Amino acid sequence: MLTDLVSTRGAALKRYAFLLCGNDSDAEDLVQDALVRAFTRPRRDEIDNPEQYVRKAVLNLYLDRVRRRGVWRRVMPFAVAPDRIDDDSRAVDARHDLRAALLALTPQQRACVVLYYHVDLPIPEIAAQLGCGAGTVKRHLHDGRRRLAGLLNDDTREDDSAVR
């Protein structure tokens, strides 16, 4: 079960962890620690959905680390940078702006935004994963979206209107 999960969904689990923590090596550590937690427990054969169980463990480990450190990590791009990037300064600027805007989100806002937009979970499932109410999740999503919208200056809208 572990080998199948890692070979088929390992990259997706690492991307999910990367979206939470924003650091490649920390993402690997989160996934590895979550796998150890999931597959060293006595009743590991009773896990119905191992990937979901590991995702929940990754999320809990991330939130625990944030709480323990007391200083919020402020880097989380929405995609891992590819090995080779075409020379597209707008894409680089947009990625940089997005990364800078995401630095301003709290870990709870970041977790809600990632679970809602990247993992595509509905609000009740996010609330269950985070151990809070649906209203709290909605508040974190609202605050996160408002903060991102205020920080991101979407110059492409101006460019699009000039082209038309």
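Residues numbered from 1 in each chain as written. Predicted model: local features only at pLDDT ≥ 70, side-chain atom pairs only at ≥ 80, totals over all residues. Heavy atoms only, no water.

If you look the protein up in an unreviewed UniProt entry, it shows as RNA polymerase sigma factor from Micromonospora vulcania. We quote the UniProt Sequence similarities (unreviewed entry) comment for the protein here in full: "Belongs to the sigma-70 factor family. ECF subfamily." (UniProt positions renumbered as here; feature names shortened; annotations may be inferred.)

**Here's the deal with the packing of helix α5 (residues 107-118) against helix α6 (residues 123-130)**
Between α5 and α6, the least distance of the axes is 10 Å, while the angle of their chain directions is 135°. Considered as vectors, α5 and α6 are oriented oblique to each other. Remark: the crossing between α5 and α6 carries right-handed chirality. Across the interface between the two elements, Ala111, Cys112, Leu115 and Tyr116 of α5 pack against Ile123, Ile126, Gln129 and Leu130 of α6. In terms of residue class, the contact of α5 with α6 is built from seven nonpolar, one polar and no charged. (Axes fitted to C-alpha atoms, helices over the stretch in contact; angles between N-to-C directions. Helix = DSSP H or I, 4+ residues; strand = E, 2+ residues; numbered from the N terminus. Parallel < 35°, antiparallel > 145°, perpendicular 65-115°, else oblique. Left-handed = near helix turned anticlockwise from the far one by under 90°. Contact = heavy atoms within 4.5 Å. Nonpolar A, V, L, I, M, F, W, Y, C, P; charged D, E, K, R; others polar.)

**Observations concerning the pattern of salt bridges**
Scanning the entire structure with this criterion turns up seven salt bridges. Between Arg9 and Glu51 there is a salt bridge, and its shortest N-O distance comes to 3.1 Å. You can see Arg9 sitting in helix α1 (residues 2-21) and its partner Glu51 sitting in helix α3 (residues 50-69), a full 42 residues away along the chain. Accessibility expressed as a relative area gives 31% for Arg9, which makes it partly exposed. Its salt-bridge partner being Asp33, residue Arg65 comes within 2.3 Å of it at the nearest N-O pair. Of this pair, Arg65 sits in helix α3 while Asp33 is found in helix α2 (residues 24-39), placing the two residues 32 residues apart along the sequence. (Salt bridge = Lys/Arg side-chain N within 4 Å of Asp/Glu carboxyl O. Buried < 20%, exposed > 50% of the residue type's maximum accessible area, 1.4 Å probe, protein only.)

**Regarding the packing of aromatic side chains**
Each aromatic ring pair is summarised here by two numbers: the centre-to-centre distance and the angle between the ring planes. A full pass over the atoms with the stated rule returns one aromatic pair. Aromatic side chains Tyr116 and Tyr117 sit 4.9 Å apart centroid to centroid with 85° between the ring planes, which places their arrangement in the edge-to-face category. Seen from the ring of Tyr16, Arg55 lies directly overhead, with NZ or CZ sitting 4.8 Å from the centre. (Phe/Tyr/Trp six-rings, centres within 6.5 Å; stacked < 30°, edge-to-face > 60°. Lys NZ or Arg CZ within 6 Å of the ring centre and 35° of its normal.)

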